[in-house]
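The residues making up each chain are set out below.
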Amino acid sequence: EAIEFENPKNEPVTIKIGISAVDVAGAKRNLEAELGDKPFEQVRKEATAAWEKELSKIVVEDDDEEKVVTFYTALYHTMLAPNLYQDVDGRYRGMDLEIHQTTDFDYYTVFSLWDTYRAAHPLYTIIDQKRTNDFINTFTAKYDEGGILPIWDLSGNYTGCMIGYHAVPVIADAYMKGITGYDTAKAFEAM
């Protein structure tokens, strides 16, 4: 047991947690910036609105409600990863395990590229060009930090598994679609 509560009336217990890959101070700042003093119901409403905004990027209508639910469930699944991997101040722990700072793009992790390069990433080029640019900026940052584009990184680290070099078709696809909000020369060098 890590935590134990005296709660004889079984009343609701609210716990707020801040996380950071950088340090405890970063986790505290993240917690304050993202949750602060907001009550649970406000956090729930904000999360619902954020998901509604993301899922409404594609509108599907069908008389068969099961098909609609299946579609939006699958779309939701495409948005669970990659994960943002930086503190609210832009600091993150890079592939070299050093602390870096970004202000120009959001830094991500959990690129299961051999699973996502054929369908999820081409979908992102259609419904989320900003994150596509952020992903490729993250790729080139990882290249600078570790000497290679990510193959399958987890928590900002190489895992040493999966075959192939699937960041390459992700970059090529975005570039061919005119998505170029990254250092294209650096991306080509990394490829």
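Participant: Please provide a residue-by-residue account of the overall build of the chain, values included.
Facilitator: Along its length, the chain carries eight helices and seven strands. Seen through its C-alpha atoms, the chain measures out along the principal axes to roughly 60 × 50 × 30 Å. Here the chain holds 191 residues, and 37% of them are scored as buried. Carbon and sulfur atoms make up 56% of the accessible area of the chain, which amounts to about 11,900 Å² in all. Across the chain, the 18 positively charged side chains and the 33 negatively charged ones have centroids separated by 2 Å.

Participant: Please provide a residue-by-residue account of a negative patch on the surface, values included.
Facilitator: On the surface, Asp62, Asp63, Asp64, Glu65 and Glu66 cluster together to form a negatively charged patch. Tracing the chain through its elements places Asp64 in the loop between helix H2 (40–55) and helix H3 (65–78).

Participant: A description of a nonpolar patch on the surface should follow, citing residues and the corresponding values.
Facilitator: A grouping of Ile3, Phe5, Val13, Ile15, Ile17 and Ile19 is seen on the molecular surface, where their side chains present a nonpolar patch of about 660 Å² in accessible area. Within the fold, Ile19 resides in the segment before helix H1 (24–34).

Participant: Requested: an account of the packing of helix H6 (residues 129–146) against helix H7 (residues 167–176), with residues and values cited.
Facilitator: One way to put it is that H6 packs onto H7 with a least axis distance of 11 Å and a crossing angle of 135 degrees. On the basis of their axis angle, the class for H6 and H7 is oblique. The way H6 lies across H7 gives a crossing that is left-handed. Mapping the contact onto sequence places Thr132, Ile136 and Phe139 in H6 and Ala167, Val170, Ile171 and Ala174 in H7. Among the residues making up the contact of H6 with H7, the classes are represented as six nonpolar, one polar and no charged.

Participant: Talk me through the nonpolar core; I want residue IDs and the actual numbers.
Facilitator: Phe111, Leu113, Ile136, Phe139, Leu149, Ile171 and Tyr182 are the most contacted members of the largest nonpolar core, which has 19 residues in total. Only helix H5 (120–127), H6, H7 and helix H8 (184–190) provide two or more residues apiece to this core. Apart from residues no more than four positions distant in its own chain, Leu149 is found in contact with Phe139, Thr140, Tyr143, Tyr158, Tyr165, Ala167, Val168, Ile171, Ala190 and Met191. Within the second largest apolar cluster, seven residues are counted, among which are Val68, Tyr72, Met79 and Leu123.

Participant: Please provide a residue-by-residue account of the packing of H5 against H6, values included.
Facilitator: Here H5 crosses H6 at 130 degrees, and the two axes come no closer than 6 Å. By the angle class used here, H5 and H6 are oblique. Facing His121, Tyr124, Thr125, Ile126 and Ile127 of H5, the residues of H6 in contact are Gln129, Arg131, Thr132 and Phe135. Across the contact of H5 with H6, the residue classes break down as four nonpolar, four polar and one charged.

Participant: Break down unusual backbone geometry for me, citing the residues and quoting the values.
Facilitator: Cis geometry is adopted by the peptide bond preceding Pro82, which originates at Ala81 and carries an omega value of 0 degrees. Mapped onto the elements, Pro82 comes out in the loop between H3 and strand E1 (83–84). The phi angle at Met162 is positive, at roughly 80 degrees, despite the residue not being glycine. One can find Met162 in the loop between strand E7 (157–158) and H7.

Participant: Lay out the environment of Phe71 with the relevant residues and their values.
Facilitator: Mapped onto the fold, Phe71 is located in helix H3. Classification of Phe71 as partly exposed rests on a relative accessible area of 30%. Taking the C-alpha atoms as reference points, Phe71 and His166, 95 residues apart in sequence, are found 26 Å from one another. Other than its neighbours up to four places away in sequence, Phe71 contacts Ile58 and Val60.

Cut-offs and rules
Residues numbered from 1 in each chain as written. Predicted model: local features only at pLDDT ≥ 70, side-chain atom pairs only at ≥ 80, totals over all residues. Heavy atoms only, no water. Helix = DSSP H or I, 4+ residues; strand = E, 2+ residues; numbered from the N terminus. Buried < 20%, exposed > 50% of the residue type's maximum accessible area, 1.4 Å probe, protein only. Areas by Shrake-Rupley, 256 points an atom, 1.4 Å probe, with all protein chains shown as cover. Lys, Arg positive; Asp, Glu negative; His and termini not counted. Charge placed at Lys NZ, Arg CZ, Asp CG, Glu CD. Patch = residues over 30% accessible without salt bridge, like charges linked within 9 Å, V, L, I, M, F, W, Y side chains within 5 Å. Salt bridge = Lys/Arg side-chain N within 4 Å of Asp/Glu carboxyl O. Axes fitted to C-alpha atoms, helices over the stretch in contact; angles between N-to-C directions. Parallel < 35°, antiparallel > 145°, perpendicular 65-115°, else oblique. Left-handed = near helix turned anticlockwise from the far one by under 90°. Contact = heavy atoms within 4.5 Å. Nonpolar A, V, L, I, M, F, W, Y, C, P; charged D, E, K, R; others polar. Core = buried A, V, L, I, M, F, W, Y, C linked by side-chain atoms within 4.5 Å.

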